[in-house]
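For reference, the chains in residue letters:
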2 protein chains.
Amino acid sequence: MPPLNPHERPYAHTLTALREKGLRPTRQRLALGRLLFEGGNRHVTAEALHGEAAQTGVKVSLATVYNTLHQFTDAGLLRQVAVDGGRTYFDTNLDDHHHFYHVDEARLEDIPGIGAAGAIEVHGLPDVPQGARLERVDVIVRVRGSKAEA
Amino acid sequence: MPPLNPHERPYAHTLTALREKGLRPTRQRLALGRLLFEGGNRHVTAEALHGEAAQTGVKVSLATVYNTLHQFTDAGLLRQVAVDGGRTYFDTNLDDHHHFYHVDEARLEDIPGIGAAGAIEVHGLPDVPQGARLERVDVIVRVRGSKAEA
DNA sequence: GTGATTGCAAATCTTTTGCACTAAA
DNA sequence: TTTAGTGCAAAAGATTTGCAATCAC
């Protein structure tokens, strides 16, 4: 990969990936990449990321947030997780892992992946139907808060 | 609307469950229940069930199909499965089991549940986060390229 | 009759798209 | 320049909701 300017360093991850995928490192993409990839794994919805960008003083349209999230996903920088109809979550953690879904809060939480202590293991997977190939196995552990909420 | 024969046997399952839940066995609910519960396990979307009802000569509005699917779910007659944002699937199979999701066809397929030969087993489940209780563990095996039809 | 249920259309919500404008390269 | 990317607003789905008409009990 090509050398990076000092002022670009924070974006190194995003920049590199964008260049590899032929995506121009625009102000919006870099800003969103920074929100997403600086500071640990995250699970965001388009709406949430858009709001966060606004609070951080980054001007980006919601349409661009959607486009960017999908471009990042296609570029292998994000992973999409479906936990309930209606919303789409994007996960910055690309490792093999699964999720807790806090139903009441509509919030995702990582479960450590394979290799980690206490990692989930799925056994007894049946053969994939003829002509099909395995893409991914998602395990969603749905939990509810014990706080009363009828 | 044509009166229903109260002694109709095919509706026994639906009728009983509706009565237990205090839901009036209306023409629409009984007709949808019949489509859903007669003839094996099914995975339907509201739109699909609505179309099926129309083809069978049952007049039901889409809004009522949505309402009914949710009422059935609340009554424990159906289970909701989320596999991708956008659509909601309802599963008539209430046994403990998991799913293949055929991405290309947007189709769900049951994987035999616990107890069956070759059933999926999930090991190493971490403790549920403090204050939360386990609701359900969903395993979605995403596959592509199958030409199989349901 | 009385209250639950339905249907329709309008309203929401999330996501996508068309297109003129702006900005990388 | 040249072409990709952006923003806005309108469009497109999927689902919900308000309310008058209708049905079950």
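First things first, this report covers the structure right here in the doc. (Residues numbered from 1 in each chain as written. Chains lettered and ligands numbered in written order. Predicted model: local features only at pLDDT ≥ 70, side-chain atom pairs only at ≥ 80, totals over all residues. Heavy atoms only, no water.)

Here we take up the sheet that holds strand 2 (residues 79-81) of chain A. Residues and elements named next belong to chain A. Here we have three strands laid out as an open sheet, ordered 1-3-2, and antiparallel in their pairing. Only two strands of the sheet have a single partner each, and these edge strands are strand 1 (43-44) and strand 2. As paired strands, strand 2 and strand 3 (residues 89-91) are joined by three bridges and run antiparallel to one another. Opposite Q80, over in strand 3, you have F90 as the bridge partner. In the packing of helix 4 (residues 62-74) onto the sheet, contacts are made with strand 1, strand 2 and strand 3, and the angle to strand 3 comes to roughly 45 degrees. (Pairing = 2+ DSSP bridges. Helix = DSSP H or I, 4+ residues; strand = E, 2+ residues; numbered from the N terminus. Contact = heavy atoms within 4.5 Å. Axes fitted to C-alpha atoms, helices over the stretch in contact; angles between N-to-C directions.)

On to the sheet that holds strand 7 (residues 132-144) of chain B, then. An order of 5(A)-4(A)-7(A)-7(B)-4(B)-5(B) is seen for the six strands of this open sheet, with the pairing classed as mixed. Across the chains shown, the open sheet's two edge strands, defined by having one partner strand only, are strand 5 (107-111) of chain A together with strand 5 (107-111) of chain B. Ignoring which end each strand starts from, the neighbouring axes of this sheet average 30 degrees apart. Pairing analysis gives twelve bridges linking strand 7 (residues 133-145) of chain A to strand 7 of chain B, with the strands arranged antiparallel. Considered in strand 7 of chain B, the bridge of A:R142 is made with B:R136.

The next point concerns the protein's contact with DNA strand C. The environment of DNA strand C is made up of 21 residues, and the closest members are A:Y66, A:H70, B:T26, B:Q28 and B:T64. Across the atoms of DNA strand C situated within 4 Å of the protein, the share located in sugar and phosphate is 76%. Measuring from a phosphate oxygen of DNA strand C, one finds a side-chain N or O atom of A:Y66 at 2.4 Å. Measuring from a phosphate oxygen of DNA strand C, one finds a side-chain N or O atom of A:H70 at 3.4 Å. Only helix 4 of chain A together with helix 2 (27-37) and helix 4 (62-74) of chain B provide two or more residues apiece to the surface near DNA strand C. Of the residues forming the surface near DNA strand C, the biggest block, five residues, is contributed by helix 4 of chain A. (Near = heavy atom within 4 Å. Polar contact = N/O pair within 3.5 Å; in protein donor to acceptor, adjacent residues only side chain to side chain.)

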